[in-house]
Amino acid sequence: SKLADTCSTGRYAIVVIGFLSTFGGGRTPVLNLAGHCDPGVVGGGCTRLSVDIKSCQTQGVKVLLSIGGGSGNYSLSSASDAKSVATYLWDNFLGGTNSTSSSRPLGDAVLDGIDFDIQIGSASHYDDLAKNLKSSSGSILLAAAPQCPFPDAFLGAALATELFDYVWVQFYNNPGCQYQDNGDVSNLEVTWKNWTEFLSKTPASVLLGLPASPDAAASGYIDPKAFVSHVLPVVKGSAKYGGIMLWNRYYDNTNNYSAKLLSNNIIAGTSGLSGLCVIALIVVMWYKRCYGMIPCYKWPRNSPRLESFLQKQGTLHPKGYAYSEVKRMTKSFAHKLGQGGYGAVYKGNMPDGREIAVKMLKGTEGDSEEFMNEVASISRTSHVNIVTLVGYCLQGSKRALLYEYMPNGSLERYTFGNSSTEGEDTLSWDKLFDIVIGIARGLEYLHTGCNTPIVHFDIKPHNILLDQDFCPKISDFGLAKLGRQKESRISIAGARGTIGYIAPEVFSRNYGPVGSKADVYSYGMVVLEMVGARKKIDVSTDDSSSKYFPQWLYENLDQFCGHTNSEISSSSSSDNMEVLVRKMIIVGLWCIQSKPADRPSMGEVLEMLESNAADLQLPPKAFWTGY
């Protein structure tokens, strides 16, 4: 439904449009409305929303713009940078000097405020941004959307300014602090008390952030009856209770969640906030998690079904481009970034100036399975450690995938045999550890963070891309398989992946069922390869014997870590570096256990990496050496 129709329901006090996903640090601001309209279109695009925004405001509904989100490219480098971003927001979305300019992305409508949904990058200077926005006009509404784990890693300093009017805490996709399916409300109660006490001396109303349907989030949905009987008594006792924030309008429309709650007169709290705060229909899916279900299709080869599949997904897939547009964006494919078995990758620029990498697929007569897998899988993801698919081309035999550009290339550049000499292509141990953590977070998200779990099946250094800050992003979903929730095994035809990284069960079912643990095995091999690369050792052998490198590491862990310690310069913390290296090796060895059941999940991998190294034990000596 239209934004104006959403406001006309009478259910919502506030509607939030998202996201301004790129800003700060000298970047050109980018408004990403997930395909509902294109802010870059001259003379139209999203400016038509101004009529809807004014309609909402006429009906007493406040309209805010959300900045940040779970993916994008944003941060604030200094107090001066925060001031510049505040000026941009004031002039282009609020009541600043450009309030009547046709260049405003959403037309001449003046929004009521800004929502801070900061989930990636640095936590610095968002307090400065809040101060600058409020100094522009005291009537600007400021809102924040922290995750429920207290305190929030990104918004703590900003909230301490006491300048925020609303704080909607997201009690979903965070099992440690949300409502449990068995009716246990204790974690939510403790966390709610932490948040309301922290904000008790501020003017902010605190709202409970919930998914509007079971399909809206991986976890945290509360049935309306359970909300009334279990949750409402816990939250309504606080004077700070301001109501409920729902993710999102699409799911609320399909599940009628707000209508069910309003029929019981339970929305408004003692703060006087009437109605419901909801994240608007403008963002159907591009948020912290990948929402929406993808059926588990077996893609037929050489069939004309891709167009119909994409059409059925509506606005939930990236924008399609004509081949002529792709050619123009790449300047006739002038700058080649690389070549692989799939085809070639070229550098290009979107019409709004954003740099992109264009993967032109070869040998794709008909609707290639890999192309369909890639679009189906990656278009439903939104995570800082998953590469963003910004568009695709499907015209005759031409198939292209348009990705955000990664200036530091792939992790393969920093692995053994690929320019791994000391110099600009050598990464420090702490940087390597950050990359190991990032890949693990991306894989955990694919395996458990989506309503439809995704198994990648081709994790290797070549498919790990690095942005300007060396933040890793998993790419190349051509071999991915979409599973079902709570499904431990996946049916596949033949082996998939790259020799050296393929789990043994993919070759032989005698080792166990094929599932997400296949990615865990590949991840372990990547981690051990990173260790060997930093030490200039081929992972297939050590530098002085013919032993299988993981086996050599297993038998000589203390020797290896001690040698690493002795090489670290006095300017670094040698003890800390030894801890990081030890963690990487032990985790890598656990991940490459022969049987899937003996390997940790990616969630357990993260726990191991974030734990005390002294608590980590070596696994049983059971490596598969069948390559």
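As a reminder, the structure under discussion sits directly above these lines.
Notes on the structure follow. Just so it is clear, the model here is predicted, and its values are computed rather than measured.

### Some remarks on the overall build of the protein
Turning to step 1, where the next piece is worked out: In terms of regular secondary structure, the protein is built from 19 helices and 20 strands.
Turning to step 2, where the next piece is worked out: A total of about 24700 Å² of accessible surface is found on the protein, and carbon and sulfur atoms cover 48% of it.

### Digging into unusual backbone geometry
Turning to step 1, where the next piece is worked out: At the junction of Phe150 and Pro151, the peptide bond is cis and its omega measures out at -5° in the coordinates.
Turning to step 2, where the next piece is worked out: The topology assignment puts Pro151 in the loop between strand S6 (141-144) and helix H5 (156-159).
Turning to step 3, where the next piece is worked out: Residue Asn248 is reached from Trp247 by a cis peptide bond, and omega for that bond is -10°.
Turning to step 4, where the next piece is worked out: If you trace the backbone, Asn248 turns up in the loop between strand S9 (241-247) and helix H8 (249-255).
Turning to step 5, where the next piece is worked out: Even without a glycine there, the phi angle at Ser332 is positive, about 60°.

### Digging into the pairing of S6
Remark: a regular strand shows side chains that alternate across the two faces of the sheet.
Turning to step 1, where the next piece is worked out: Alternating positions in S6 separate into two faces, Leu141 and Ala143 on one and Leu142 and Ala144 on the other, with burial throughout.
Turning to step 2, where the next piece is worked out: In the sheet, strand S5 (residues 113-118) pairs with S6 via four bridges, with the strands oriented parallel. The partner of Ile114 across the bridge, within S6, is Leu142.
Turning to step 3, where the next piece is worked out: Regarding topology, helix H4 (residues 126-136) serves as the crossover connection from S5 to the parallel S6, and that connection is right-handed.

### Structural notes on the nonpolar core
Turning to step 1, where the next piece is worked out: Ranked by internal contacts, the top residues of the largest apolar core, which has 89 residues, are Leu89, Phe116, Leu129, Trp168 and Phe227.
Turning to step 2, where the next piece is worked out: Ranked by residue count, the leading element in this core is strand S1 (residues 12-23), at eight residues.
Turning to step 3, where the next piece is worked out: Ala440, Leu443, Phe457 and Ile585 belong to the second largest nonpolar core, which has 61 residues in total.

### A look at the environment of Leu20
Turning to step 1, where the next piece is worked out: Locating Leu20 in the fold gives a position in strand S1.
Turning to step 2, where the next piece is worked out: On the basis of relative accessible area, Leu20 is assigned to the buried category, the value being 0%.
Turning to step 3, where the next piece is worked out: Sequence-distant contacts of Leu20, defined by excluding residues within four places in its chain, comprise Pro29, Val30, Leu31, Leu65, Ser66, Ile67, Gly68, Tyr88, Leu89 and Phe93.

### Structural notes on the packing of aromatic side chains
Turning to step 1, where the next piece is worked out: What the rule picks out here adds up to 14 aromatic pairs.
Turning to step 2, where the next piece is worked out: Seen in terms of ring centroids, Trp192 and Tyr241 are 6.2 Å apart; in terms of plane orientation they differ by 65°. Their pairing is edge-to-face. Residue Trp192 is found in helix H6 (residues 186-198), and its partner Tyr241 is found in strand S9; the two are separated by 49 residues along the sequence. Both residues of the pair, Trp192 and Tyr241, belong to the buried class.
Turning to step 3, where the next piece is worked out: Relative to Phe198, the ring of Trp195 has its centre 6.2 Å away and its plane inclined at 75°; by these criteria the two rings are edge-to-face. Of the two residues, Trp195 and Phe198 are both situated in helix H6; the distance of three residues between them amounts to about one turn of the helix.
Turning to step 4, where the next piece is worked out: Residue classification places Trp195 among the buried residues on the basis of a relative accessible area of 1%.
Turning to step 5, where the next piece is worked out: Residue class for Phe198 comes out partly exposed when judged on its relative accessible area of 35%.

### Here's the deal with the side chain of Asn463
Turning to step 1, where the next piece is worked out: Tracing the chain through its elements places Asn463 in the loop between strand S17 (454-455) and strand S18 (464-466).
Turning to step 2, where the next piece is worked out: You can call Asn463 buried: its relative accessible area is 1%.
Turning to step 3, where the next piece is worked out: Residues within four places of Asn463 in sequence aside, it is in contact with His456, Asp458, Lys473, Ile474, Ser475 and Asp476.

Cut-offs used in this document
Residues numbered from 1 in each chain as written. Predicted model: local features only at pLDDT ≥ 70, side-chain atom pairs only at ≥ 80, totals over all residues. Heavy atoms only, no water. Helix = DSSP H or I, 4+ residues; strand = E, 2+ residues; numbered from the N terminus. Areas by Shrake-Rupley, 256 points an atom, 1.4 Å probe, with all protein chains shown as cover. Buried < 20%, exposed > 50% of the residue type's maximum accessible area, 1.4 Å probe, protein only. Pairing = 2+ DSSP bridges. Right-handed = clockwise from strand over helix to strand, strands pointing away. Core = buried A, V, L, I, M, F, W, Y, C linked by side-chain atoms within 4.5 Å. Contact = heavy atoms within 4.5 Å. Phe/Tyr/Trp six-rings, centres within 6.5 Å; stacked < 30°, edge-to-face > 60°.

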